[in-house]
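For reference, the chains in residue letters:
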Amino acid sequence: TTVLGIETSCDETGVAVYDSQRGLLSEALFSQIALHAEHGGVVPELASRDHVRRLAGLVDEALASAGVEQTDCIAYTAGPGLIGALMVGASFATGLATAWGRPVIPIHHMEGHLLAPLMTGEAPDFPFVALLVSGGHTLLVQVEGIGRYRLLGQTRDDAVGEAFDKTAKLLQLDYPGGPAVARLAEQGDPARFRLPRPMLDKPGLDFSFSGLKTAVYLLAQDHPESPADIARAFEEAVVETLATKCQRALAQAGCADLLIAGGVAANTRLRQALAALPGVRLHTPPLALCTDNGAMIAHAGALRLADAIEQPTRMLARPRWPLDTLEPPGQFAWT
Ligand code: ATP
Ligand code: MG
Ligand code: FE
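Note that the structure is a prediction, hence the values are computed from the model and not measured.

Conventions adopted
- Numbers given for residues are sequential positions, taken from 1 along each chain in its written order.
- Following the order in which they are written, the chains are lettered starting with A and the ligands numbered starting with 1.
- Local features in this predicted model are restricted to residues whose pLDDT is 70 or higher, and side-chain atom pairs enter the listing and the counts only when it is 80 or higher, whereas totals over whole chains, interfaces and linings include all residues.
- Strands pair, by our definition, only if DSSP identifies at least two bridges between them.
- Only DSSP runs of H or I with at least four residues qualify as helices, and only runs of E with at least two residues qualify as strands; both kinds are numbered from the N terminus onward.
- In this analysis an axis means a line fitted to C-alpha atoms, helices contributing only their contacting stretch, and an angle means the value between N-to-C directions, from 0 to 180 degrees.
- Roughly parallel means an angle under 35 degrees; roughly antiparallel means over 145; roughly perpendicular covers 65 to 115; every other angle is labelled oblique.
- Rotating anticlockwise by less than a right angle from the far helix to the near helix defines a left-handed crossing, while the corresponding clockwise rotation defines a right-handed one.
- Note on contacts: residues are paired as contacts if their backbone-placed C-beta atoms lie within 7 Å.
- The C-beta atom of each residue is placed using the backbone, and any residue whose C-beta lies within 6 Å of a molecule or strand is treated as near it.
- Gly is placed with the polar residues, together with every amino acid not listed as nonpolar (Ala, Val, Leu, Ile, Met, Phe, Trp, Tyr, Cys and Pro) or charged (Asp, Glu, Lys and Arg).
- Whether a residue is buried, exposed or partly exposed is read from the other C-beta atoms within 10 Å of its own C-beta, which are placed from the backbone; 20 or more gives buried, 12 or fewer gives exposed, and intermediate counts give partly exposed.
- UniProt positions are given in the numbering used here, feature names are shortened, and annotations may be inferred rather than shown by experiment.

**Brief notes about the sheet that holds strand 5 (residues 104–108)**
Sheet strands pair via backbone hydrogen bonds, and the direction of the pair is either parallel or antiparallel. If you walk across this open sheet you meet the five strands as 3-2-1-4-5, and the pairing is mixed. Two strands in the sheet have a free side with no partner beyond their single neighbour: strand 3 (23–31) and strand 5. Sheet twist, expressed as the mean angle between neighbouring strand axes with direction ignored, is 20°. One ladder, built from four bridges, connects strand 1 (residues 2–7) with strand 4 (residues 73–79); its direction is parallel.

In structure tokens form, the structure reads like this:
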């Protein structure tokens, strides 16, 4: 079965063709980073408009390089994300599916991230613990199977990726901030400053990163001459906080397998720290599958063929959509 995947939840237009037997056949991606860079963050209306501009061309490109004219079904990101951006992908997918006489499969963006490592055969068997760290989410999830997600912890305020992006802004680095902060931190002295490790002294598996942002702000005011040392202190604080909570989550779940996904999973220091946790087997997606892409949506679609909607009568877009409300394939009812 071939699946066309369409991702437009934020600032990447991603399209891919995935075959349930042969794997990923093709991929096309356009990142709007340059478009939003001058604004220092994603401007929702600009994002929607650019998805409109790019989507048809990317679909043509992905189909052509897969060597197919149609696919058996179309999976699209139905949420969570920016409402206007989601609606572009949802309406395009629904229209194309109707023209082709094929079904659609609405996909949860974070499930796309979470299942992406399964594409490469590097992933563990169920159950495992997943750390989802991206621009909008910080989630610790006990994964019993596809669509069987128990939320162990989440952020109470900023997401980790958001904290990286805001720290980059404070240090006058480029958007998106994650890679920029990580690069600068390489030159920083880890012993120079120590920032707080938020909520490590409390039990439970929730996170909070907004206080860290304030601490970075104050430090940058006092030491405008040392952005690299500050970037390093920030990264150390984030990584130690995430690693400690992951270790607690694995202990609580009685599990040795930890999977990371989402944009921040591209961070080298985070990968090293998690791989070094005693008794932990770490599973990581390839770098290109960490940030948003169409392949993860096509792949999730291939795992959710049982959710195919044969004759879609409306497009589905949910800006807010908690991951733990999902059901296993074939059991999810759109209401
Ligand atoms: P969500 O998936 O929650 O809807 P999103 O789709 O915008 O949010 P992703 O595309 O998954 O997020 O990831 C982008 C985030 O990852 C940005 O915040 C970016 O700064 C961060 N990021 C990317 N690379 C790195 C890195 N090497 N180190 C730290 N953070 C990174
Ligand atoms: Mg993005
Ligand atoms: Fe994402």
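**Overview of the packing of helix 2 (residues 44–66) against helix 3 (residues 83–100)**
The geometry of helix 2 relative to helix 3 is characterised by a closest axis approach of 8 Å and an angle of 20° between their N-to-C directions. Comparing their axes, helix 3 and helix 2 come out roughly parallel. The crossing of helix 2 and helix 3 is right-handed. Counted together, P44, E45, A47, S48, H51, V52 and L55 of helix 2 and G84, A85, V88, G89 and F92 of helix 3 form the full contact between these two elements.

**Side note on the site of ligand 1**
Ligand 1 sits among 24 residues. The nearest are G135, G136, G161, G178 and G263. Counting only elements with at least two residues in the shell around ligand 1, the list comes to helix 4 (109–115), helix 5 (160–170) and helix 6 (177–186). For the shell around ligand 1, the element with the most residues is helix 6, which contributes four residues. Partitioning the shell around ligand 1 into residue classes produces seven nonpolar, 15 polar and two charged.

**Describing unusual backbone geometry**
Of note, the bond from F126 into P127 is cis; its omega dihedral lies within 30 degrees of zero at -5°. Summarising the element assignment, P127 is placed in the loop between helix 4 and strand 6 (128–133). The backbone of Q172 shows a phi angle near 60°, a positive value even though the residue is not glycine. If you trace the backbone, Q172 turns up in the loop between helix 5 and helix 6. Positive phi values are uncommon outside glycine, yet M199 reaches one of about 65°. Of note, M199 is situated in the loop between helix 6 and helix 7 (210–222). For M199, a count of 20 C-beta atoms within 10 Å translates into the label buried.

**Topic: the UniProt feature "binding site: substrate" (unreviewed entry) in the protein chain**
Following the UniProt record, one finds the feature "binding site: substrate" (unreviewed entry) at L132, V133, S134, G135, G136, D165, G178 and N267. Looking at where V133 falls in the secondary structure, it is placed in strand 6. In this view, V133 contacts T138, V160, G161, L242, I260, G262, V264 and A265; residues no more than four positions away in its chain are not counted. Note that N267 resides in the loop between strand 9 (257–261) and helix 9 (268–275).

**As for the sheet that holds strand 8 (residues 148–154)**
Within the open sheet, the five strands sit side by side as 8-7-6-9-10. Their pairing is mixed. Unpaired on one side and paired on the other, strand 8 and strand 10 (281–283) mark the two borders of the sheet. In this sheet, adjacent strand axes meet at a mean angle of 25° when their direction is disregarded. Direction of pairing for strand 6 relative to strand 7 (residues 138–145): antiparallel, over a ladder of six bridges. Considered in strand 7, the bridge of V129 is made with Q142.

**A few points about the pairing of strand 9**
In terms of burial, strand 9 is a largely internal element, four of the five residues being buried. Where strand 6 meets strand 9, four bridges bridge the pair, whose relative direction is parallel. Pairing of V129 across the sheet is with L258, part of strand 9. Across three bridges, the pairing between strand 9 and strand 10 is parallel. Bridge pairing in strand 10 places L259 opposite H283.

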